[in-house]
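Residue strings, one per chain:
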Amino acid sequence: MTEPLPGGDIGPPWARLDQRMLLVHPVTEVIRFIPVLIGSLILGTSSGNPAWSIIPLALIVGFAITRWFTTTYRVGPTHVELRTGLLQRRELSVPRSRIRSVDIESDLLHRALGLAVVVIGTGQQADSGEKFKLDSLDTRVVPALRAELLAHTGRPAAGPDVLAAGVTDEEAARAQSTEIGHWRPQWVRYAPLSLTGFAVIAPVVGAAFQYGLGEWLFESETAQEIGDRAVAAIVLAVLGLIAVIVLLVSLAACTRYLTTYFGLRVLNDGRTLHLRHGLFTTRQLTLDLARFRGATVNEPLLLRLSGAAELEAIMVGENPRQKILPQAPRAAVERTLAELLSPRARPGGAAAGPSGEGRPWPQAADAEPARIDEHTARPPFASKPGTATEFVSVAQMTARLTRHGPAARRRRYTRALFPAVLLAFAVLAIALDTHLSPWWWLLPVIAASLAIALAEDRYRGLGHAVLPRTANSPAWLITRAGSLDRDRDCLEAPGVIGWTVRQSFWQRRSGVATVIAATAAGKKRYHVIDIPLPQAWSLIEAVTPGALGRR
């Protein structure tokens, strides 16, 4: 990502961050080093020398203040540059043509002072974790800066009449955008149905048990007395503990959902995708639709049973799982997905077709930007039944998937039942050695019943489809797999850069294979699992004609 500016140091003058950052950074650094400050306070109190408590605080605040003097940036005609560091100077230079997203974040302190954090995203940043961040810019200069950084996306400028009215290009683009997703407060009921709450609570519960909570619960005198009197009391206590954990998990999931996605809006102006969300820390993301390669509908088991799903975008150089909609009703997800997968206008007007031909992609006929009800899956420009636009925007969701046959089903059952068989052998081995209650045989029976249900659901969720290329749309590869965590991936054919056909020892014996579509976007590899081998070659030829050459 670090590249020298061509022609030496000739360019626009260097600028500093807003002076109000002198109020932000000391606070954030003090919060960051709270454990160090607590340790120094304990050391100063025990030694009788209060200087040990003051010196670390002064050093942390002083270091935070120096960041204003040592941080400069500039936006040149071809590069954006950032200089940071006091003892070790660093200079980052990003070609403007490689800028793929511009994110804006503001926590409570930044919002109170009228500041924002601008994060410039490139594909190399997404892979390496390096960020080009301008922390604490005046919010009044941020819209113009973002419009300038994304000017290469080809967004049309506002007309003379609009500019005469005092409206900026950014405001005009927002006015011309179509809202394709809008968060609703009642969606919070879906938050406990994902695993985010467990991810928040599990470390806390684990730390509590590590520091003696389990010993206090099960080895205390009260627990021993209850254990001696009645086993039922222990069962009730365990059930009560599970209920408390589930309640805490649900509260944590709802809290995280509200604070992260409150007020979410997804706007599409035909060139870029704008997302804005957050309760305490607001975040604005701008994604270049020229790097859009498809979408993923994520349907974990509990969300699927409740008629909900999540929507993620497959973008080049962005987060592998760039979330567009969080847990939401499936109708809302399908409507937003229909908008995302519909034929899009490419930068520069009429764009080339899937392979670079001069065929223009169709524009939305008679479509004025409008806000649409989230409970319908129909975009505004698909109001005319039978149009090509309507077919393309809905086909990825309604296409019937091809099943992978009896061999794939047998492999699902074999994998799912193997642990249950091992458990049955373990119970049998113990029963041959000692007297064992017949009730213990319920364990392998229950495990086998759950395994059968899981295997059948996994097979029903396994499938693929190929939507052929048309005059209005490229070919699409659709693949679905999973049960507890199911993904339906919709990947457009121009985004596929290579194929891998993989067979394990057992797959060769079953006559199936796993086809992997390689792409520079999203998860990088999209799997079509346990497809019959003859179908694997026809699948590759259907998605990318001529990729196999002569066989």
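Parameters and conventions
- Residues numbered from 1 in each chain as written.
- Predicted model: local features only at pLDDT ≥ 70, side-chain atom pairs only at ≥ 80, totals over all residues.
- Heavy atoms only, no water.
- pLDDT = per-residue confidence, 0-100.
- Contact = heavy atoms within 4.5 Å.
- Pairing = 2+ DSSP bridges.
- Helix = DSSP H or I, 4+ residues; strand = E, 2+ residues; numbered from the N terminus.
- Axes fitted to C-alpha atoms, helices over the stretch in contact; angles between N-to-C directions.
- Expected span 1.5 Å × (residues − 1).
- Buried < 20%, exposed > 50% of the residue type's maximum accessible area, 1.4 Å probe, protein only.
- Arc of directions from axis to C-beta.
- Phe/Tyr/Trp six-rings, centres within 6.5 Å; stacked < 30°, edge-to-face > 60°.
- Parallel < 35°, antiparallel > 145°, perpendicular 65-115°, else oblique.
- Left-handed = near helix turned anticlockwise from the far one by under 90°.
- Nonpolar A, V, L, I, M, F, W, Y, C, P; charged D, E, K, R; others polar.
- Patch = residues over 30% accessible without salt bridge, like charges linked within 9 Å, V, L, I, M, F, W, Y side chains within 5 Å.
- Areas by Shrake-Rupley, 256 points an atom, 1.4 Å probe, with all protein chains shown as cover.
- Salt bridge = Lys/Arg side-chain N within 4 Å of Asp/Glu carboxyl O.
- Polar contact = N/O pair within 3.5 Å; in protein donor to acceptor, adjacent residues only side chain to side chain.

### So, the confidence of the model for the protein
Right, on to step 1. With 75% of its residues at a pLDDT of 70 or more, the protein has an overall mean of 78.
Right, on to step 2. A low-confidence stretch, residues 1-8 stays under pLDDT 50, and its non-local contacts, those more than four residues away or across chains, total 26 contacts.
Right, on to step 3. Every residue in residues 345-393 scores below 50 in pLDDT, and together they form 89 contacts with partners more than four places removed in sequence or on other chains.

### Regarding the sheet that holds strand E19 (residues 512-519)
Right, on to step 1. With respect to topology, three strands assemble into an open sheet ordered E18-E19-E20, the strand pairing being antiparallel. Only two strands of the sheet have a single partner each, and these edge strands are strand E18 (496-502) and strand E20 (525-532). The average undirected angle you get between the axes of adjacent strands in this sheet is 20°.
Right, on to step 2. For E18 and E19, the ladder comprises six bridges, and the chain directions are antiparallel. What sits directly across from glycine 498, in E19, is alanine 518.

### Considering helix H17 (residues 442-460)
Right, on to step 1. Its 19 residues place the ends of H17 27 Å apart at the C-alpha level, agreeing with the 27 Å of an ideal helix rising 1.5 Å per residue.
Right, on to step 2. Considered for burial, the residues of H17 that qualify are Pro444, Ala451, Ala455, Glu456 and Tyr459. Across the axial projection of H17, the buried residues extend over an arc of 125°, all falling on one side. Turned more than 90 degrees away from the buried face of H17 sit Leu450 and Arg460, all of them exposed.
Right, on to step 3. Of the surrounding secondary structure, the elements contacted by the buried residues of H17 are helix H16 (405-433).

### Quick word on the packing of aromatic side chains
Right, on to step 1. In this structure the tally under the stated criterion is five aromatic pairs.
Right, on to step 2. A centroid spacing of 5.0 Å and a plane angle of 85° characterise the contact between tryptophan 68 and phenylalanine 69, whose relative ring orientation is edge-to-face.
Right, on to step 3. Tryptophan 68 gets classed as buried once you look at its relative accessible area, which sits at 13%.
Right, on to step 4. The exposure class assigned to phenylalanine 69 is partly exposed, which follows from its relative accessible area of 48%.
Right, on to step 5. Judged by centre distance (5.1 Å) and plane angle (80°), the ring pair of phenylalanine 505 and tryptophan 506 falls under edge-to-face.

### Describing helix H6 (residues 142-149)
Right, on to step 1. Buried within H6 are the following residues: Val142, Leu145, Arg146 and Leu149. End-on view of H6: buried residues confined to an arc of 100°, all on one side of the axis.

### Some points on the pairing of strand E5 (residues 101-106)
Right, on to step 1. Here E5 lies mainly inside the structure; five of its six residues are buried.
Right, on to step 2. Relative to strand E11 (residues 282-288), E5 runs antiparallel, the two being bridged by six bridges. Along E11, the bridge assignment pairs serine 101 with leucine 287.

### Topic: the packing of H16 against H17
Right, on to step 1. The N-to-C vectors of H16 and H17 enclose an angle of 165°; their axes lie 9 Å apart at closest approach. As the angle between them shows, H16 and H17 are arranged roughly antiparallel. Viewed along their axes, H16 and H17 form a crossing whose handedness is right-handed. Contacts between H16 and H17 involve Gly405, Ala408, Arg409, Arg412, Tyr413, Ala416, Leu417, Ala420, Leu423, Ala424 and Val427 from the former and Leu443, Pro444, Ala447, Ala448, Ala451, Ile452, Ala455, Glu456, Arg458 and Tyr459 from the latter.
Right, on to step 2. Here the residues of the contact of H16 with H17 sort into 16 nonpolar, one polar and four charged.

### Re a nonpolar patch on the surface
Right, on to step 1. Taken together, the side chains of Val27, Ile31, Ile34, Ile38, Ile42 and Leu109 define a hydrophobic patch exposed on the protein surface, amounting to about 510 Å² of accessible area.
Right, on to step 2. Elements supplying a minimum of two residues to the nonpolar patch: helix H1 (21-32) and helix H2 (34-47).
Right, on to step 3. Sort the elements by how many residues they give to the nonpolar patch and H2 lands first, with three residues.
Right, on to step 4. Mapped onto the elements of the fold, valine 27 is located in helix H1.
Right, on to step 5. Valine 27 gets classed as partly exposed once you look at its relative accessible area, which sits at 39%.

### Focus on the environment of tryptophan 499
Right, on to step 1. Mapped onto the elements, tryptophan 499 comes out in strand E18.
Right, on to step 2. Along the chain, tryptophan 499 and alanine 517 lie 18 residues apart, while their C-alpha atoms are 4.9 Å from each other.
Right, on to step 3. Excluding residues that lie within four positions of it along the chain, tryptophan 499 makes contacts with Leu477, Val515, Ile516, Ala517, Ile540, Val543, Thr544 and Ala547.
Right, on to step 4. Here the side chain of tryptophan 499 touches threonine 544 through a polar contact of 2.9 Å, side chain to side chain.

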